[in-house]
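Fold and geometry: a report
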Amino acid sequence: MNIKRNGLLLLAVAFCCLSLTACGQKDMEPKKAEYNLQQIVDSIKLKDGFKPEIGIVLGSGLHAIADEVEVVQTISYDDIPVFPNSTVKGHEGRFVMGYLEGVPVILMDGRVHYYEGYSMEEVVTPVRIMAKLGAKTVILTNSSGSMREDFKPGDLVCINDHIASLVPNPLIGQNDDKLGERFVNMSNAYDSSLRETLHKAADTLKIELKDGVYMQVTGPTFETPAEAKAYASLGADIVGMSTACETIALRHMGVKVLGVSCVTNYCPNVESAGTSHEEVQNVAKQAGEKMVRLIKQTVKAMGQEN
Ligand code: HPA
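Quick caveat, the model's predicted, so the values are computed rather than measured. Residue positions are given per chain, counted from 1 along the sequence in the order it is written. The model is predicted, so local features are restricted to residues of pLDDT at least 70 and side-chain atom pairs to those at 80 or more, both for listing and for counting; the totals for chains, interfaces and linings are taken over all residues. Hydrogens and waters are ignored; side-chain quantities use all the structure's heavy atoms.

1. Focus: the overall build of the protein chain
Secondary structure is summarised from DSSP: a helix means a run of H or I of at least four residues, a strand means a run of E of at least two, and numbering begins at the N terminus for each. Broken down by element type, the protein chain carries eight helices and nine strands. Here the protein chain holds 306 residues, and 55% of them are scored as buried. Residues count as neighbours in contact if any of their non-hydrogen atoms are within 4.5 Å of one another. Put simply, 83% of the contacts in the protein chain that link residues at least 6 apart link residues at least 24 apart. To measure how exposed things are, a 1.4 Å probe is used in the Shrake-Rupley method; for residues, cover is taken only from the protein chains shown. Looking at the protein chain as shown, the accessible area adds up to about 13,900 Å², and 51% of this sits on carbon and sulfur atoms. For every residue, the accessible area obtained with a 1.4 Å probe (protein chains only) is divided by the maximum for its type, and the residue is called buried under 20%, exposed over 50%, and partly exposed between those limits.

2. Some points on the site of the ligand
When at least one non-hydrogen atom of a residue lies within 4 Å of a molecule or strand, that residue is treated as near it. Surrounding the ligand, one finds S143, S144, G145, F222, E223, V239, G240, M241, T264, N265, C267 and V280. Under this definition, polar contacts are N or O atom pairs within 3.5 Å; protein pairs additionally need one hydrogen-donor-capable and one acceptor-capable atom, and for neighbouring residues in sequence, both atoms have to be side-chain atoms. G145 places a main-chain nitrogen or oxygen 3.3 Å from a nitrogen atom of the ligand. Expressed as a share of its isolated accessible area of 260 Å², the protein-covered part of the ligand is 96%. Of all the secondary structure elements, the ones that give two or more residues to the shell around the ligand are β5 (137-146), β8 (238-240) and β9 (256-266).

3. Section: the nonpolar core
In this structure, F95, V127, I129, M130, V138 and L250 are the most contacted members of the largest nonpolar core, which totals 48 residues. Listed by contribution, the elements that provide at least two residues to this core are α2 (37-43), β3 (94-100), β4 (103-109), α4 (120-132), β5, β6 (156-163), α7 (244-252) and β9. If one sorts the elements of this core by residue count, α4 sits on top with seven residues. Beyond its immediate chain neighbours, meaning those up to four positions away, I129 contacts L37, I40, V41, I44, F83 and F95. To define a nonpolar core, start from buried Ala, Val, Leu, Ile, Met, Phe, Trp, Tyr and Cys residues and group those joined through side-chain atoms within 4.5 Å. By size, the runner-up hydrophobic cluster in this structure holds 32 residues, among which are L194, L209, M291 and V292.

4. A look at the side chain of T298
Assignment of secondary structure puts T298 in helix α8 (residues 277-305). Polar side-chain contacts of T298 include one of 2.7 Å to the backbone oxygen of L294. For T298, the residues in contact, after removing those within four places along its chain, are T197, L198, A201 and L258.

5. Considerations on the side chain of T247
Along the chain, T247 falls in helix α7. With near-sequence residues (within four places) excluded, T247 lies in contact with L140, H162, M186, A189, Y190 and V257.

6. Some remarks on the packing of aromatic side chains
We call Phe, Tyr and Trp rings a pair once their centres come within 6.5 Å, taking the six-membered ring for Trp, and we label the pair stacked below 30 degrees between planes, edge-to-face above 60, and tilted otherwise. Summed over the entire model, instances satisfying the criterion amount to two aromatic pairs. Ring geometry for F50 versus Y99: centroids 5.4 Å apart, planes at 90 degrees, classification edge-to-face. Taken together, the residues F50 in the loop between α2 and β1 (54-58) and Y99 in strand β3 connect sequence positions 49 residues apart. Overall, F50 belongs to the buried group, its relative accessible area being 7%. What makes Y99 partly exposed here is its relative accessible area of 29%. Considering the side-chain rings of Y77 and F95, the 5.2 Å spacing of their centres and the 70 degrees angle between planes classify their relative orientation as edge-to-face. Note that Y77 is positioned in the loop between β2 (70-76) and β3 and F95 in strand β3, a separation of 18 residues in sequence. This pair shows no difference in class: Y77 is buried, exactly as F95 is.

7. As for the environment of G98
Residue placement: G98 occurs in strand β3. A relative accessible area of 0% means that G98 is categorised as buried. Residues G98 and E70, 28 residues apart in the sequence, show an inter-C-alpha distance of 5.3 Å. Residues in contact with G98, not counting those within four places in the same chain, are F50, V69, E70, V71, V72, V103, P104 and V105.

8. Notes on the packing of α4 against α7
At a minimum axis distance of 9 Å, the contact between α4 and α7 shows a crossing angle of 50 degrees. For the element pair α4 / α7, the angle class is oblique. Between α4 and α7 the crossing geometry is right-handed. Contacts between α4 and α7 involve M120, V123, V124, V127, R128 and A131 from the former and C245, E246, A249, L250 and H252 from the latter. Within the contact of α4 with α7, the residues separate by chemical class into eight nonpolar, one polar and two charged. In this description, a line fitted to the C-alpha atoms serves as the axis of each element, helices being fitted only across the stretch in contact, and the angle between N-to-C directions of two axes falls anywhere from 0 to 180 degrees. For classification purposes, angles smaller than 35 degrees are called roughly parallel, those larger than 145 roughly antiparallel, those between 65 and 115 roughly perpendicular, and all remaining angles oblique. Note on convention: the crossing is left-handed when the near helix lies turned anticlockwise from the far helix by less than a right angle, right-handed when the turn is clockwise. Gly falls in the polar group here, along with every residue not listed as nonpolar (Ala, Val, Leu, Ile, Met, Phe, Trp, Tyr, Cys, Pro) or charged (Asp, Glu, Lys, Arg).

9. Observations concerning the pairing of β3
Within β3, five of the seven residues are buried, which leaves the element mostly enclosed by the surrounding structure. As judged from the six bridges shared by β2 and β3, these two strands associate in the antiparallel manner. For V71, the partnering residue across the bridge sits in β3 and is G98. Between any two strands, pairing holds if DSSP finds at least two bridges. Pairing of β3 with β4, which is carried by seven bridges, proceeds in the antiparallel orientation. Its bridge partner lying in β4, M97 is registered against I106. In this structure, the hairpin formed by β3 and β4 is closed by a connection of two residues, where E101 is found at a positive phi of approximately 55 degrees.

What follows is the structure, given as C-alpha cells:
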C-alpha cells in the first residue's frame, strides 16, 4: 500500500517537474524592464470620485454578480490599449465599476487564460490593473473539478491554499520593484481573516461552504484519471485552469486575496464519465445564485469591517 502510494507520489512529482520545464519555457526568456502596465492604467479614466476598494473576478458561468452592482461605469477590454481579451465562450470581456452593498467595487467580468496562448504576464495584467486602480482586496471566483467524492458538483469551496507548481509563475523574469519584492511570502496566500468572514457569511445565509486546496493546471484538456489521481495524492481537492497565478501576482503587490470556487464536475478519478465545457457552464450558472448571495453578504461584512 505504502509502496504503491510512494510510487504514485514519485510519479506525480516527476510529472510536475517535466510539465514545469515544458510549460515554463516560454516564460523563461528575460522580460523587458519597461513594463507597460502604467500606460494601461493611465488610459483608464475612472468616473470622478470613484475609487474601487474591492476587486471581484467572475469565473465562467458566474456573471450574475454583475447584475447586482449599482453600475457607475463599464469599460470593455477591447477599448483598453494592449489589453488581453478572452477568446472563450462564456467569458465576457469588461470591467464593471460600481457599488455592491454600498461598497465601491471593480468587477473583472471575464478573464483570460494561459491555454488561450497568452503569457502568464498577460494573464495577470487585468488583476494587476484592479490593484493599481485601488483594490486592496480581491475576491477570485472560479469553477473547478472535484477530486473528492464529498465535494459535489454545485458545492462552493473556500480556497484555503493552492498548488501552482504545474504552471509557469507569473513573477518569473526581471522583478518589477515598483509592483513588489522579488521573493513573495505565500504562507497566507488566501487571507485567513477574509476566509473567516466568508465562512461567517455562509453561516448567516445557511449556505454549505467547504474548505479546500485548489490546483491550477494549464488546460485546456480536462484531466485524465491518472492525472486527477496524481493531483489528489499531492494534496489538491479541486482543480481548475485559473486563479493561482492571479493570487501570486496580487500577493506580490500586497493585495489580500479571497478565493471561492464552484465545483462544476467530478474529475475522472471519482466519476469515470468525464466532463465538458457545457456541463461546467451549466452547473456554474445553477450554483451562481448561491455564489451571488454569498459574495454579496461577504462584501457587505467586509464593508462594515472597514
Ligand atoms: N478540470 C480543470 N478545470 C476545470 C474543471 C476540471 O475538471 N472543471 C472546471 N474547470
